[in-house]
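# Observations on the three-dimensional arrangement
One letter stands for each residue in the lines below.
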Amino acid sequence: MSLALDTWPTTVQKNLTATLHYLKRGAEKPTRYVDAPPAGVPQWNGIDDPRDVAIADARGREGEFTLDRNGFALVRAPSQVHDFYSDDEVRRTYYPEVERLLRTELGASRVFVFDHTVRNAAFSGGREPSRRVHNDHTVNSAPRRVRDHLGADAPALLEGRFGIVNVWRPIRGPVQDSPLALCDARTFSDDDLIASDLVYAHLRGETSSVEYKPGHRWYYFSDMQPDEALLIRIHDSADDGRARLSFHTSFDNPLAKGAPPRESIEVRSLVFF
């Protein structure tokens with residue numbers, strides 16, 4: 001259960017400028033191979049487009065940001081998980097916590113958590129923070145997720161409003177290395193998105209890369225703690241004026257050189273209304 005917004009502490013804003021990695025449009029569809037690609041095929045054929053952008057610290061303004069208006073929101077949501085590196089404990093304890101959180105915050109009638117990612121570059125073989133501006137799905141791959149995970153229930157569920165929401169949380173705080181930047185949904189359009197293939201050994205998925213536009217407005221929440229969680233709208237089928245998605249990326253924080261490597265967990269969920 002999240003706590004009231006008036007519990008946010010007063011903090012000094014840490015606005016900054018950092019390099020974000022967009023993608024240039026090319027003649028070929030951007031494709032990334034998670035494992036070894038076929039002979040003669042590059043692991044990734046995207047054209048990197050690094051841009052220095054202003055990222056505003058949203059501390060002190062937490063209550064202004066909502067999923068429907070901006071595509072993301074910060075909530076205070078303590079967890080009972082003792083060890084986020086335990087896959088069993090995350091599935092047994094954290095998945096139900098996320099389901100309850102999204103039912104409460106979104107008013108969802110049904111929530112299905114389908115996977116999670118733990119990131120800690122300090123661990124041998126650990127997942128590093130992503131430095132690419134992206135959204136995890138596209139308008140095509142989002143409903144495919146429902147069909148993949150919910151089988152016979154999918155046709156009826158897809159007739160109503162559904163979405164995908166990520167819940168991102170620090171494992172240790174404060175987060176200073178590689179914080180998460182989020183783009184305000186009011187400042188971009190679907191034309192800025194570039195459908196990109198993500199190829200696994202037995203599966204080809206589709207995500208959204210992003211073309212740079214000077215009107216994009218970026219925010220982050222400085223010094224996030226483990227009792228805080230970011231809700232990120234990845235997809236919403238409603239086409240009624242509310243934000244249908246946001247995109248995000250980690251960035252090299254110029255105000256925190258030498259900070260300990262970020263530790264975080266991101267849970268991905270299907271939500272139905």
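Cut-off values and rules
Sequence positions are assigned chain by chain, starting from 1 and proceeding in written order. Given that the model is predicted, a residue must reach a pLDDT of at least 70 before its local features are reported, and side-chain atom pairs must reach 80 or more before they are shown or counted; all residues, however, enter totals for whole chains, interfaces and linings. To obtain the side-chain values, all non-hydrogen atoms of the structure were used and water was disregarded. Two strands make a pair as long as DSSP finds a minimum of two bridges between them. Secondary structure elements follow DSSP: runs of H or I no shorter than four residues count as helices, runs of E no shorter than two count as strands, and numbering proceeds from the N terminus. Every angle, taken between N-to-C directions, lies between 0 and 180 degrees, and every axis is a line fitted to C-alpha atoms, over only the stretch in contact when it is a helix. Any two residues whose heavy atoms approach within 4.5 Å at even a single point are treated as in contact. pLDDT measures how confident the predictor is about each residue, on a scale from 0 to 100. Summary of the burial criterion: residues with accessible area below 20% of their type's maximum are buried, those above 50% are exposed, and those between are partly exposed, where the area comes from a 1.4 Å probe applied to protein chains only. For the charge count, each Lys or Arg is scored as positive and each Asp or Glu as negative, with His and the chain ends excluded. Any carboxyl oxygen of Asp or Glu within 4 Å of a side-chain nitrogen of Lys or Arg constitutes a salt bridge here. Throughout this description, a polar contact denotes any pair of N or O atoms lying within 3.5 Å of each other; where both atoms belong to protein, one of them has to be capable of donating a hydrogen while the other can accept it, and for residues adjacent in sequence the pair is counted only when both atoms sit in side chains. Among buried residues, the Ala, Val, Leu, Ile, Met, Phe, Trp, Tyr and Cys ones that are joined through side-chain atoms within 4.5 Å form a nonpolar core.

### Regarding the sheet that holds strand 4 (residues 72-76)
Strand order in the open sheet formed by five strands is 4-12-7-14-5, with antiparallel pairing between adjacent strands. Single-partner strands in this sheet number two, and they are strand 4 and strand 5 (110-120). Here the strands of the sheet are splayed against their neighbours by 25 degrees on average, with no regard to which way each runs. Two elements, strand 5 and strand 14 (residues 263-272), share 10 bridges in a ladder whose sense is antiparallel. Counterpart to Phe112 in the pairing with strand 14 is Leu270. Here helix 2 (residues 87-106) sits on the sheet in contact with strand 4, strand 5, strand 7 (162-170), strand 12 (228-236) and strand 14, set at roughly 125 degrees to strand 5.

### Some remarks on the confidence of the model for the protein
Of all residues in the protein, 96% attain a pLDDT of 70 or more, and the chain-wide mean is 94. Long-range and interchain partners of residues 1-6, a stretch whose pLDDT sits below 50, account for 12 contacts in this model, where long-range means more than four residues apart.

### Focus: the pairing of strand 12
Among the nine residues in strand 12, nine count as buried, and that is most of the element. Summarising the sheet, strand 4 and strand 12 pair through five bridges and their orientation is antiparallel. Bridged to Val75 within strand 12 is Ala229. Pairing geometry for strand 7 and strand 12, over six bridges, is antiparallel. Counterpart to Val167 in the pairing with strand 12 is Leu231.

### Examining the side chain of Arg119
Within the secondary structure layout, Arg119 lies in strand 5. Buried charge without a partner: Arg119 forms no salt bridge, and the closest opposite charge is Glu266, 4.8 Å away. Among the polar contacts made by the side chain of Arg119, one reaches the main-chain carbonyl oxygen of Glu128 at a distance of 2.6 Å. Non-local contacts of Arg119, meaning those with residues more than four positions away in its chain, are made with Arg127, Glu128, Pro129, Ser130, Arg262, Glu263 and Ser264.

### Considerations on the nonpolar core
One finds Phe221 and Leu230 to be the most contacted residues of the largest nonpolar core, which totals 24 residues. Counting residues per element, the ones that place at least two in this core are strand 4, helix 3 (141-150), helix 4 (154-159), strand 7, strand 8 (180-183), strand 12 and strand 14. In this structure, Phe221 is in contact with Asp57, Ala58, Arg59, Glu62, Phe65, Phe72, Leu74 and Leu230, ignoring residues within four places of it in sequence. By size, the runner-up hydrophobic cluster in this structure holds 23 residues, among which are Tyr95, Val167, Ala229 and Val267.

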